[in-house]
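# Tertiary structure, described
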Amino acid sequence: MRILIANLFALLSLPAAAGLKVFATVPEWAALAREIGGADVQVYAATHALQDPHRIEAKPSLIARARSADLAIATGAELEAGWLPVVLRESGNSRIQVGAPGHFEAARQVRMLEIPARVDRAEGDVHAAGNPHIQTDPRNILLVGEALAERMASLDPAGAAAYRSAWARFAADWRARIAAWEKAAAPLKGVPVVVQHKSFPYLFDWLGMKEAATLEPKPGIEASAAHLARVVAQTAAAKPRLVLRAAYDAPRASEGYGRQTGVPVVVLPFTVGGSEQAQDLAGLYDDTLAKLLQALK
Amino acid sequence: MRLTRTAVSAALLAVPAIAAAAENDDLRALREEVARMREGYEKRIDALEKRLAQAETQAGKAEAKAAEASVQAREAAAARPPATANSFNPEIALILNGTYTKQSQDPASYNETPNPRSYHIHGFVPSLGETAPPRKGFGLGESELTLSANVDPHWRAQLTAALAPEGGAEVEEAFIQSLGFDNGFTLKAGRFLSGVGYLNPRHAHTWDFADAPLAYKAFFANQLRSDGVQLKWVAPTDLFVELGGEAASGGAFPSTDKNRSGTTLGTLFARVGGDIGISQNWRAGLSALATDPRDRTWNDVDSTDTTVENRFSGKSRMSIADFVWKWAPAGNAKERSLTVQGEVFRRHETGSMTYDAAAASVGTQTGDYASNQSGGYAQTVYQFQPRWRVGYRYDRLDSGTTRLGLVDSGALTAADFPLLSAHRPTRHTVMMDYATSEFARFRVQFARDKSRFDFGQGRALPDNQLWLQYVVSLGAHGAHKY
C-alpha cells in the first residue's frame, strides 16, 4: 500500500513535458497554435470540421485531455456553452479555468458582428456576444494569432522567443496572402448569396459579399419545406448567385434551394479539415476562395 | 436638454405676472415681446440640440471608422457594452415540466394504501421516495430552479431548488465545487447528487425517459443525494480515468437519519472512458456504496389483515456497474445518433428486523434479516433525424429470497410479510420525443410495468402506463454532463 501511494505521488509530481500542452476547442485554433508553437507544443483539437460546433458533448476523452492542458483555446461568444463549462469543471485543472492565464478566448480579440439587439430564445440560438464564427475572415486570424502568441510566450517563457519569431514569420507571410486573396476575390465583391446557417458573416464582411437570405428560419432551426419555398420566392428578386453551407451542415436545405432555383450550391470547408485541400489555415482560405470563384464562373 | 427648455419657458412666462399692474397695451406689447423672446430662445435651443446631435453622430461615425480602420484588439473590446453590477449575478436556469398520465392500476403508494393493487416494487423494502407514477390525468412535475456562479477564482457554487407542484420548495442540490485545485483533483461539498452510477449524477430532466429505471426506484428512491463531501481525481492519461469517493450524512434511502456514527454513507467510484475513432465514444464505471441504516421503517399487511409497521437496522452494501456507448456519424450528433446504456445493481443487506413496531397486531417481535438483491436496466435511444428520437428500455429486478429470522424460527409465517415475498419485477418502456429546440422537448412514453405482485393470488399485476410529457428549460444555457 505504501509503495502504491509513493508511486502515486511520484506520478503526480512528474515534471511537465517541455513545451506547452494546448487544448483547442475547434480545429482553426489548433492549427493556429501549431503555426506559433511548431514542434514545441502538443496540440489537441477537441472537435473536427465535420462536427457541428454547437452540438458537442462533454465526452470523457475531452475531460482527460483538458486535465493536463496548460492552455485552453476557445472561440468564446457562447459557441462552446453547451460543453466546455462541464469539461473545465470536471478537469481538475485550475490553470485553464475561465479567468486564468491558461484560458484564451479568440472572440475577445476581434470586432464582433451581428451582436443581437434583442437576446431572446424566440429568436433561435442567438449569441449575446455576436456571431462566433470569426475564423472565416483571415484578418481575424492575425488579431487572434498576435494575442495568442503573446499568451503562449507568457505561459512558457523558455519558448517565448521561438513563439514570437514564429509568429512574426507567419504574420508577414499571412499579410502577403491576404493581399493576394483579396486580389483574387475581386469578382466576389457585391455578389449576393444565400446561406444555410449564418456561418459566414465575417467572410462576407471581408470580401464585400452580400447575404441575401438565410435558409434557417431562426439560427439553429432547420428550414421546413414550406419555409424553403418562401425563401425561394423572397430571394427571386435579389438574384443570388450562390447558396453556401459549411462542411458539417446537413445538405437538405441548401440542395433543396439549389434544385428549386438552379443556383449553384457551394460547400465551404468552414474550418481546417473541412475539405481535402483545407489541411492548414492557408489551405482553408485558398480552398474557400477557389470554391467560391469556381462556382461563380 | 428638454428640461432646460421647460425651465427657460417657465421663467419667461412668469414675467407677465410681474407686469400685471401695467396698462393693457403695455401688457400686449410685453406679451408680444416675451413671445418673440421665447421663440428666439426655442430656435436657439433647437439649433443647439441639432448641433449636439450632429456632433454625436459625427463622433459615432468617427468611432465606427476608427473601429473599422483599426486592427487593434483593445479597441474592439472597448466597443462592447460595459460590464455592470448586474453581470455578477448568478446564471439562472429554470426547468419546467408537465405530464398527462394514465395507468391501468392504482398509482397510490403502497406505504399509504397497502394493498396489492397500489404501487409498489414487490419483494423490495419500499424506498419511500416518490417512486409511484404521477396520479392519473394532468399533473405538474417538479419545477427546478438553478442558480450558479463562480464564487471567486477558487470556487464555484450552485443551488438547485425543486418547487413541488403541491407547494413548498426543497433544496435538491446546494454545493460548492473547487476550481482552483490542480493535478486532476476536484472537491465538492454540500448537498449534491452522488457520483455513483451513470444516471445518478445527472438531473432527471436530462434523462431519456420520463421516469427513473426500476433499479433507481428500488435502490435509491429515484436518486441518491446526500449532504457531505466528494473528492474526485482524473488521471493524467489520454484515456479518461476518474476515481472518486464521498463521505456523507445520509438521511434518505438507503440510509436513515438515525445512524450512529457521524458519517453514515460512504461511496467509491471509478470510471474509464474514451473514443473509438471519430464516431464512437464510451464510458464504463464501477461504484460501491456502504451505509448502516437504523430503524428504516415501512408498512406491510400481516396475515391478520392488519397494517403493521416494520423496521430494519443493519448494514447495507451495494455495488453498481454502469456502461454507456454513443455513436454519431462522424461524431456529428445533430443529424443522427445512437446511445446504448445499462447499469447493474447488487445489494446485500444484513441486520435485524422488527415486526409490528407499533404493536398494532399480534405484538412486536425482532429477528434476523438478510437479503441479496439485484437489478438493472438496459436502454437504447436512437435519434433518427434532427430533433426526433425513439427509445426502448428494459428493466429487471430480482428480489432474491429474503431470509427472515422470525419466519425461519416459526414465530411468524411468510404470509405476515407479503411485501417481502420473492418476485422478479420487469418493465418494458418505449418512448418517442420531439424537441422544437435544444430547450424544449415533448415526449410520449408507454410502459408495461410488472412491479406489482398479488401475494394472495400468487401472480404479477401488470400496469400499463401512458405518459405525455413536456420538459422546457429557460434562462442560462446549461451545459450537460456526458
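Now for a description of the structure that goes with this document. (Residues numbered from 1 in each chain as written. Chains lettered and ligands numbered in written order. Predicted model: local features only at pLDDT ≥ 70, side-chain atom pairs only at ≥ 80, totals over all residues. Heavy atoms only, no water.)

### Here we look at the overall build of chain B
Regarding its fold elements, chain B presents five helices and 19 strands. By the burial criterion, 43% of the 482 residues in chain B qualify as buried. Of the contacts made within chain B by residues no fewer than 6 positions apart, 64% connect residues no fewer than 24 positions apart. Element-wise, carbon and sulfur atoms account for 58% of the exposed surface of chain B, whose accessible area totals about 23,400 Å². (Helix = DSSP H or I, 4+ residues; strand = E, 2+ residues; numbered from the N terminus. Buried < 20%, exposed > 50% of the residue type's maximum accessible area, 1.4 Å probe, protein only. Contact = heavy atoms within 4.5 Å. Areas by Shrake-Rupley, 256 points an atom, 1.4 Å probe, with all protein chains shown as cover.)

### Topic: the interface of chain A and chain B
Many structure descriptions define interface size as the accessible area lost when the parts assemble. Contacts between chain A and chain B engage 47 residues on the former and 53 residues on the latter. Counting the surface lost from both chain A and chain B, the interface buries some 4,200 Å², and carbon and sulfur atoms represent 50% of this. The largest contributions to the chain A side of the interface with chain B come from A:Arg67, A:Arg89 and A:Arg121, which together make up 16% of the buried area. Put simply, chain A and chain B have six salt bridges between them. Put simply, B:Asp238 and A:Arg65 hold a salt bridge, and the shortest N to O gap is 3.5 Å. Our count for the chain A to chain B interface comes out at 17 residue pairs in polar contact (both at pLDDT 80 or more). Counting only elements with at least two residues in the side of chain A that touches chain B, the list comes to α1 (2-12), α3 (60-67) and α4 (84-91) of chain A. (Buried area = accessible area lost by both parts, 1.4 Å probe. Salt bridge = Lys/Arg side-chain N within 4 Å of Asp/Glu carboxyl O. Polar contact = N/O pair within 3.5 Å; in protein donor to acceptor, adjacent residues only side chain to side chain.)

### Digging into the sheet that holds strand β2 (residues 42-45) of chain A
Residues and elements named next belong to chain A. Read from one edge to the other, the open sheet built from four strands follows the order β2-β1-β3-β4, with strand pairing classed as parallel. Each edge of the open sheet is held by one strand with a lone partner, namely β2 and β4 (103-105). Each strand of the sheet is rotated relative to its neighbour by a mean of 20°, with strand direction disregarded. Relative to strand β3 (residues 71-74), strand β1 (residues 21-24) runs parallel, the two sharing three bridges. Residue Phe23 lies in a different strand from β3, and its bridge partner there is Ala72. (Pairing = 2+ DSSP bridges. Axes fitted to C-alpha atoms, helices over the stretch in contact; angles between N-to-C directions.)

### With respect to helix α10 (residues 281-296) of chain A
All names here are of chain A. With 16 residues, α10 ought to run about 22 Å at 1.5 Å a step, and its terminal C-alpha atoms sit 23 Å apart, in line with that. Turning to α10, its buried residues are Leu281, Ala282, Gly283, Leu284, Tyr285, Asp287, Thr288, Leu289, Leu292 and Leu296. Here the buried face of α10 lies against α2 (27-37), α5 (138-155), α6 (160-184), α7 (201-207), β7 (242-246) and β8 (265-268). (Expected span 1.5 Å × (residues − 1).)

### Describing the sheet that holds strand β6 (residues 210-214) of chain A
Pairing between sheet strands relies on hydrogen bonds along the backbone, with the strands arranged either parallel or antiparallel. Residue and element names in this part refer to chain A. Reading across the sheet, the four strands line up as β6-β5-β7-β8 and stay open at both edges, with parallel pairing between neighbours. The sheet is open, and its two edges are formed by β6 and β8, each paired on a single side. Here the strands of the sheet are splayed against their neighbours by 35° on average, with no regard to which way each runs. With three bridges connecting them, strand β5 (residues 192-195) and β7 associate as parallel partners. Its bridge partner being in β7, Val193 is matched across the sheet by Leu242.

### Notes on the environment of A:Glu146
Following the sequence through the fold, A:Glu146 ends up in helix α5. Considering only alpha carbons, one finds A:Glu146 and A:Ile36, 110 residues apart in sequence, at a separation of 9.5 Å.

### A short note on the pattern of salt bridges
Counted according to the given criterion, the structure contains 41 salt bridges over all chains. The salt bridge partner of A:Arg118 is A:Glu123, with a shortest N-O separation of 2.6 Å. Judged by its relative accessible area of 26%, A:Glu123 is partly exposed. With a shortest N-O distance of 2.9 Å, A:Arg177 and A:Asp173 are connected by a salt bridge. Taken together, the residues A:Arg177 and A:Asp173, both in helix α6 and four residues apart, mark about one turn of the helix. Taking the relative accessible area as the measure of exposure, A:Asp173 reaches 35% and is therefore partly exposed. Through salt bridges with shared partners, a single network forms among B:Asp208, B:Arg389, B:Asp433, B:Arg441 and B:Arg443.

### Remarks on the pairing of strand β5 (residues 169-178) of chain B
Residues and elements named next belong to chain B. In this sheet, β5 lies alongside strand β4 (residues 155-163) in antiparallel orientation, the contact comprising nine bridges. Looking across to β5, one finds that Arg156 is bridged to Gln177. Where β4 folds back onto β5 in an antiparallel hairpin, the turn is made up of five residues, including Gly167, whose phi is positive at roughly 105°. The loop that links β5 with its antiparallel partner strand β6 (residues 185-193) comprises six residues; one of these, Asn183, has a positive phi angle of about 55°.

### Concerning the nonpolar core
Among the nonpolar cores identified, the biggest contains 66 residues, and A:Trp29, A:Leu32, A:Ile73, A:Trp174, A:Phe200 and A:Leu244 are the most heavily contacted of them. At eight residues, α5(A) tops the list of elements feeding residues into this core. Looking at which domains feed residues into this core, each of domain 1 (11-179) and domain 2 (185-296) of chain A gives three or more. Other than its neighbours up to four places away in sequence, A:Phe200 contacts A:Thr136, A:Val195, A:Leu244, A:Arg245, A:Ala246, A:Leu268 and A:Phe270. In this structure, B:Leu214, B:Ala215, B:Phe220 and B:Ile320 belong to the second largest nonpolar core, which totals 26 residues. (Core = buried A, V, L, I, M, F, W, Y, C linked by side-chain atoms within 4.5 Å. Domains from an automatic or database assignment.)

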